[in-house]
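In case you want the letters, here they are:
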Amino acid sequence: MDKVLVLDFGGQYDQLIARRVRELGVYSEIKAYSSISPEEIAACGYNAVIFTGGPNSVYLETSPHYDPSLLGMGIPVLGICYGDQLLCWMAGGTVESAGVSSEYGKTELVTDHPGGEAEALLAGVPDISTVWMSHTDHVGALPPGFVNLAHTSSCPSAAMGDPSRKLYGVQFHPEVTHTEYGKNILSNFLFRIAELKADWRMDDFIESSIEKYRRELKGKKVLLALSGGVDSSVCAALLSKAIGSDLTCVFVDHGLLRKDEGDLVEDTFKDRFGMNFIRINAEDRFLSKLKGVTEPEKKRKIIGEEFIRTFEDASDSIGQAEVLAQGTIYPDVIESGKGDSSVIKSHHNVGGLPSVMAFSDIAEPLRDLFKDEVRAVGEKLGLPKELVWRQPFPGPGLAVRVIGEITKEKLDTLREADAIFREELEKAGPEKSPSQYFAVLTDLRSVGVKGDARTYGYTVALRAVTTDDFMTAEWTRLPYEVLEKASLRITNEVNDITRVVYDITSKPPATVEWE
Ligand code: XMP
């Protein structure tokens, strides 16, 4: 299988670049520039390299630089933004400060048609098109062997190439959707220039993973703590195809799930995948531990600890397993140390497993996949759409969406309101779906009037956010009609709710969840 290395110089869009390459059917990986030498790039069998952008200027000593010997190894290179400037500088050209002509945002790209093979990079791109720029430096004098392929009104070299060494650079970002012909340009680099094969397909991934885990886990007992989220569900479905009843999935239903969620998880996995599926209904024990608790961090702590205790108590029926399976995905691997496999995000342990459960090994079949690829695998394995396209849901569940003290009655009220809001939003169509949307039951009661009678019920807050990474998020401008319908139905259909408000706070300063 051909593979592309995305060499990270500190850019914001590394993951997007790698995803775009994979969307074009070529497997790609991201590595920090400092973590791999040119010799290792060749030894690992990478067929092409893409230099990412980055916030630096190549002339600063502290800026990330790379060994120029890479350029003479016959491996095609595409530099993007800082990567373009770095490539120019490594190959013997100059980089200048753009000064007042720095460009940010949409810019008009004009192709230069120098003739010859180098034009392959911009094949199919019209003479004038829109690209997305964000830079303060740009390429000055081209390095020997390079020709100029395009410019903008303030950037004399917006694309350059040396076809004999297959080295190319673009000052703009082809990976973002604002660049009209970005996908063509990446495709030209991968297929016309680097002559790669588009052989990265989810079907092949599924088949080879099943084979691999069948071989590696033969005769071993494997435990997976299934939360019902996308990653652990897809992990369960995939491993069950490989090892069947040697896989035990334990699903702790803490009573803090959304409407019908526990049953959806059980219906999906019980009897369908040939694994051992254990559902532990632990609502009572979680709610009794949470009784009277109002402080958000205390709620989280109690829930995390109770997960462990629940597992311990159930350990007899679970039985001893040698291998722990986890739904770690590629962004987790990158974020926890650029490929350092020993660091695992705590939330993948679903609140942590007891230390008395010793595992000799960890299986993470999804650790090379992006989220959209995980969803594609889930669909191909036959998981229901509601599970595969689930929005993120916090481990502590509705406990952090019932403000103040948690009771079963309040949870039921919230579950109904939340289900109505999600249903109305989903009716508006998937293209309108925000990244995350839910209801919060505030601790505030207010006066209302229903059928000529005074009411005094809870205020529910609706929240919808749009974000790429959940580190920052914008409140979503939902259509008024959706909000109106949700508000009408919630106040009519859910007892004890007299008022509905919409949260118009972004993150920061607020967080996505209310607690
Ligand atoms: P915040 O509220 O921190 O949420 O802006 C960002 C994203 O993380 C989710 N979230 C959690 N996920 N355990 C989780 O597994 C948690 O304790 C937790 N708290 C927040 C939240 O739903 C959002 O997607």
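Note that the structure is predicted; figures quoted are calculated from it, not measured. (Residues numbered from 1 in each chain as written. Predicted model: local features only at pLDDT ≥ 70, side-chain atom pairs only at ≥ 80, totals over all residues. Heavy atoms only, no water.)

**Student:** So what's going on with the sheet that holds strand 12 (residues 222-225)? Which residues, and what values?
**Tutor:** Ordered in space as 14-13-12-15-16, the 5 strands form an open sheet in which the pairing is parallel. The open sheet has two edge strands with one neighbour each: strand 14 (276-281) and strand 16 (361-363). Recorded for the sheet is a direction-independent mean angle of 25° between the axes of neighbouring strands. Bridge count between strand 13 (residues 247-253) and strand 14: 6 bridges; the pairing is parallel. Looking at strand 14, one finds that Val252 is bridged to Ile280. (Pairing = 2+ DSSP bridges. Helix = DSSP H or I, 4+ residues; strand = E, 2+ residues; numbered from the N terminus. Axes fitted to C-alpha atoms, helices over the stretch in contact; angles between N-to-C directions.)

**Student:** Now, about helix 13 (residues 408-427): what can you tell me, with residues and values included?
**Tutor:** End to end, helix 13 covers 29 Å across 20 residues, agreeing with the expected 28 Å (1.5 Å per residue, within 8%). Taken from the residues just after helix 13, Gly429 is the one with a positive phi, measuring 110°. (Expected span 1.5 Å × (residues − 1).)

**Student:** With reference to specific residues and values, describe the site of the ligand.
**Tutor:** The environment of the ligand is formed by 12 residues, the closest being Arg300, Gln436, Lys507, Val512 and Glu513. In the environment of the ligand, an oxygen atom lies 2.8 Å from a nitrogen or oxygen atom belonging to the backbone of Val512. At a separation of 2.5 Å, an oxygen atom of the ligand approaches a polar side-chain atom of Glu513. Protein burial of the ligand: of its 500 Å² of free accessible surface, 74% is covered by the chains. Looking at the shell around the ligand residue by residue, the class counts come to 5 nonpolar, 4 polar and 3 charged. (Near = heavy atom within 4 Å. Polar contact = N/O pair within 3.5 Å; in protein donor to acceptor, adjacent residues only side chain to side chain. Areas by Shrake-Rupley, 256 points an atom, 1.4 Å probe, with all protein chains shown as cover. Nonpolar A, V, L, I, M, F, W, Y, C, P; charged D, E, K, R; others polar.)

**Student:** Tell me about the packing of helix 6 (residues 230-243) against helix 11 (residues 371-380), and name the residues and values.
**Tutor:** Contact pair helix 6 / helix 11: the axes reach a minimum separation of 9 Å and the direction vectors enclose 45°. In terms of axis orientation, helix 6 runs oblique to helix 11. For the pair helix 6 and helix 11, the crossing hand works out as left-handed. Residues Val230, Asp231 and Val234 of helix 6 form the contact with helix 11, whose own contacting residues are Lys371, Val374, Arg375, Val377 and Gly378. Residues that form the contact of helix 6 with helix 11 fall into these classes: 4 nonpolar, 1 polar and 3 charged. (Parallel < 35°, antiparallel > 145°, perpendicular 65-115°, else oblique. Left-handed = near helix turned anticlockwise from the far one by under 90°. Contact = heavy atoms within 4.5 Å.)

**Student:** Quick rundown of the nonpolar core? Include the residues and the values.
**Tutor:** Counting 90 residues, the largest nonpolar core has Phe269, Phe311, Val460, Leu462 and Ile490 as the members making the most contacts within it. Sort the elements by how many residues they give to this core and helix 6 lands first, with 9 residues. Viewed by domain, this core spans two of them, domain 2 (202-388) and domain 3 (407-502), each represented by three or more residues. Membership of the second largest hydrophobic core comes to 40 residues, among which are Val131, Ala150, Leu186 and Tyr330. (Core = buried A, V, L, I, M, F, W, Y, C linked by side-chain atoms within 4.5 Å. Buried < 20%, exposed > 50% of the residue type's maximum accessible area, 1.4 Å probe, protein only. Domains from an automatic or database assignment.)

**Student:** Describe the packing of aromatic side chains, and please don't skip the residues or the numbers.
**Tutor:** Taken as a whole, this structure holds 15 aromatic pairs when the rule is applied. Ring geometry for Phe9 versus Phe51: centroids 5.2 Å apart, planes at 70°, classification edge-to-face. You can see Phe9 sitting in the loop between strand 1 (3-8) and helix 1 (14-23) and its partner Phe51 sitting in strand 3 (residues 48-51), a full 42 residues away along the chain. The pair formed by Phe9 and Phe51 is uniform in burial state, with each residue classed as buried. Pairing Tyr59 with Trp89 gives two aromatic rings, centres 6.5 Å apart and planes at 90°, and the pair type is edge-to-face. In this pair, Tyr59 is assigned in the loop between strand 3 and strand 4 (77-80) and Trp89 in helix 3 (residues 82-90), connecting sequence segments 30 residues apart. Chaining the aromatic ring pairs together yields one cluster made of Phe9, Tyr33, Phe51, Tyr66 and Tyr82. When the ring centre of Tyr458 is taken as origin, the NZ or CZ atom of Arg445, which lies over that ring, is 4.2 Å away. (Phe/Tyr/Trp six-rings, centres within 6.5 Å; stacked < 30°, edge-to-face > 60°. Lys NZ or Arg CZ within 6 Å of the ring centre and 35° of its normal.)

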